[in-house]
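Given next are the chains, with one letter for each unit.
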Amino acid sequence: MKTRLMAASVLCVILASSCSGPKDANGGQGAGSTPSVKEQEPVTVTAVIDGTYDEQFAESLRRHIKMKYPNITLDMLTSNSGTLDNLLASNMIPDLVFTYNGNLKSYKDKGLLYDLSPLMKQVNVPEERFEANYMADIRNAVDGTAIYGLPYETTFHALFYNKGIFDMFGVPYPKAGMSWDDVYELAKRVTRQEGGVQYRGVDPGSGVIWISQPLSIAAVDYRTEKASVKSDQWKMIFELVKKMYDIPGNTPVGAPLDQFTKTKTLAMLGQLNIFGRLADAEKEGMDWDVTQYPSFKERPNTYGNASVSVAIITQTSKHREAAMQVLDVLTSDAYQTERTRGGAITTLRSPGVKAEFGKDVPSLTGKHVEDIFKSKPVPYPIASMYRSKAESLLKKEFDKFAAGGMDVITALNQADEAINKLIEAERIK
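Residues numbered from 1 in each chain as written. Predicted model: local features only at pLDDT ≥ 70, side-chain atom pairs only at ≥ 80, totals over all residues. Heavy atoms only, no water.

For the protein chain, the name recorded in an unreviewed UniProt entry is Extracellular solute-binding protein, with Paenibacillus ginsengarvi as its organism. Check the Subcellular location (unreviewed entry) section of the UniProt entry for the protein chain; it says "Cell envelope". Under the Sequence similarities (unreviewed entry) heading, UniProt states for the protein chain: "Belongs to the bacterial solute-binding protein 1 family." (UniProt positions renumbered as here; feature names shortened; annotations may be inferred.)

S.K.: Help me understand the nonpolar core, please; the structure alone is not making it clear to me.
M.R.: Most often, soluble globular proteins have nonpolar side chains that are buried together. Judged by nonpolar contacts, the single largest core of 72 residues is most densely connected at F160, I211, W234, I237, F238, M268 and F275. The dominant element in this core, judged by the number of residues it contributes, is helix α10 (residues 232-245), at 7 residues. Apart from the residues lying within four places of it in its own chain, the contact partners of W234 are V208, S212, I217, A218, A219, S228, V229, L394 and L412. A47, L61, V125 and A323 belong to the second-largest nonpolar core, a separate cluster that totals 38 residues. (Core = buried A, V, L, I, M, F, W, Y, C linked by side-chain atoms within 4.5 Å. Buried < 20%, exposed > 50% of the residue type's maximum accessible area, 1.4 Å probe, protein only. Helix = DSSP H or I, 4+ residues; strand = E, 2+ residues; numbered from the N terminus. Contact = heavy atoms within 4.5 Å.)

S.K.: Just to check I follow, could you spell out the pairing of strand β10 (residues 266-271) for this structure?
M.R.: If a strand is regular, its side chains alternate between the two faces of the sheet. Taken across its 6 residues, β10 has 6 buried, putting it largely inside the fold. Bridge count between strand β5 (residues 158-162) and β10: 4 bridges; the pairing is antiparallel. Bridged to Y161 within β10 is M268. Relative to β10, strand β7 (residues 197-203) is paired through 3 bridges, and the arrangement is parallel. Looking across to β10, one finds that V202 is bridged to M268. (Pairing = 2+ DSSP bridges.)

S.K.: When you look at the sheet that holds β5 in this model, what are you seeing that I'm missing?
M.R.: For sheets, the rule is that strands pair by backbone hydrogen bonds, running either parallel or antiparallel. Ordered in space as β6-β7-β10-β5-β11, the 5 strands form an open sheet in which the pairing is mixed. Edge positions in the sheet fall to β6 (192-194) and β11 (288-292), since each has one partner strand and no second. If you compare each strand with its neighbour and ignore which way they point, the axes differ by 25° on average. One ladder, built from 5 bridges, connects β5 with β11; its direction is antiparallel. In the sheet register, Y161 faces β11, and the bridge partner there is D289. Each of β5, β6, β7 and β10 is contacted by helix α8 (residues 180-190), which is oriented at about 175° to β7, the strand it contacts most. (Axes fitted to C-alpha atoms, helices over the stretch in contact; angles between N-to-C directions.)

S.K.: Would you take a moment to explain the packing of helix α16 (residues 387-402) against helix α17 (residues 408-427) for this structure?
M.R.: The packing of two helices is summarised by the inter-axis angle and the distance between the axes. Relative orientation of the contacting elements α16 and α17 amounts to 155°, with a least axis distance of 9 Å. Here α16 is positioned roughly antiparallel relative to α17, judged by the angle of their axes. Both α16 and α17 take part in a crossing whose hand is right-handed. Of the residues in α17, those in contact with K389, A390, L393, L394, E397 and F401 of α16 are V408, A411, Q414, A415, A418, I419, L422 and E426. Looking at side-chain class alone, the contact of α16 with α17 contains 10 nonpolar, 1 polar and 3 charged residues. (Parallel < 35°, antiparallel > 145°, perpendicular 65-115°, else oblique. Left-handed = near helix turned anticlockwise from the far one by under 90°. Nonpolar A, V, L, I, M, F, W, Y, C, P; charged D, E, K, R; others polar.)

S.K.: Is there a simple way to explain α17 in this structure?
M.R.: Here α17 spans 29 Å end to end across 20 residues, near enough to the 28 Å set by a 1.5 Å rise per residue. Looking only at α17, the buried set comprises V408, A411, L412, A415, D416, I419, L422 and I423. Viewed along the axis of α17, the buried residues span an arc of 135°, placing them on a single side of the element. Residues of α17 that are exposed and point over 90 degrees away from its buried face: K421 and E424. (Expected span 1.5 Å × (residues − 1). Arc of directions from axis to C-beta.)

S.K.: What should I look at first to understand the pattern of salt bridges in this one?
M.R.: When the charged atoms of two side chains lie near each other, side chains of opposite charge can form a pair. Tallied over the entire structure, the rule returns 28 salt bridges. Taking the shortest distance from any N to any O, the salt bridge between R200 and D203 comes out at 3.1 Å. Of the two residues examined, R200 and D203, each falls in the buried class. Of the charged contacts, one joins K359 and E356 as a salt bridge, the two residues approaching to 3.3 Å between their closest N and O atoms. Among the charged side chains, a network of salt bridges with common partners joins R341, E356, K359 and D360. (Salt bridge = Lys/Arg side-chain N within 4 Å of Asp/Glu carboxyl O.)

S.K.: I tried to follow the sheet that holds strand β14 (residues 345-346) on my own but got confused; where do I start?
M.R.: Strands sit in the order β2-β1-β3-β13-β4-β14 across an open sheet of 6 strands; the sheet is mixed. Single-partner strands in this sheet number two, and they are β2 (72-77) and β14. As paired strands, strand β1 (residues 43-49) and strand β3 (residues 96-100) are joined by 3 bridges and run parallel to one another. Paired with A47 across the bridge in β3 is L96.

Here it is in structure tokens:
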């Protein structure tokens, strides 16, 4: 792989040197000044997905790039090439990284990030192309100012339900506009044993974390880098989720997603985009549907953090303009329409692109997918660098509380102490 990257470096000519069109008042390319692709030199842009490699994503992106910028070759490194950390350790940094907004802060610490604002003007990728909240999320993920990446897809939180279980017990289906208290009451009616099989009514997904996010509460206060879990809101979340688990027969056993899609013994599940899993489950006879994520009265029509897929151009890239042209394609109406028809959630403002959602996914026919869009994500929080580890400790204390081993105040006090000890230990490493 090192040979591939070195070869790419020898081959590539920075496109900026070949752009000879008229300049605008700020020194950027003026309107209509982008040179003909015939005048552009061949260039290879290297990229890596920091996560699970997606061949369909890579193939379709390459195809769209060739239609608009035939001089650009996208060399998408597969998972066999090693992780991003392995590439960094070998000083083999790609031009582009496809990741999610939660990783941006750590990338800043690694010296990977580059402010895209000048390149966006140069290649004519206006910020107005995107929904404002996703751009704000990207800024807030690091320092609140710079644009260190462009959002190209996102996900959602929704309430998925097994219609077969509701039909079995003669209970009405969940519907849009429900609160978590409504869901709790409904769950009690479908948590039953039938034919020797225990059916669970509901699982909010990811324990206490996702369900807490619409309230914008955190395990660590990023301003003080101290635990912030001893609060009435966290107390309410702990008690609410335990109340769900305490419905006789609704105690979690195994992975909730498997219970929903494999054993098909879970009636309702709060989850992200699981359409792929559900298409397989439908082939096995599952009759499912989806509706709006439940809300709190304090934050109506709001779900948790949007896990926004973000593309960054690395600080060390020698092919920044070509990389930005790749991002131009990635966030174009044409490419986004194709992805949206396949069930991806676009980050673009374009109503036309949004209207194409799921049209190429047979399993979505007749489903209440419109309910998904009745809620919006909470603004992505400015988070502590210890967020992930702190949330893991918080979940451990919740599990002890849910099992009946302690009262809620003790659980939150112990979580507070454990998180502060963790932060202290991390600081002296």
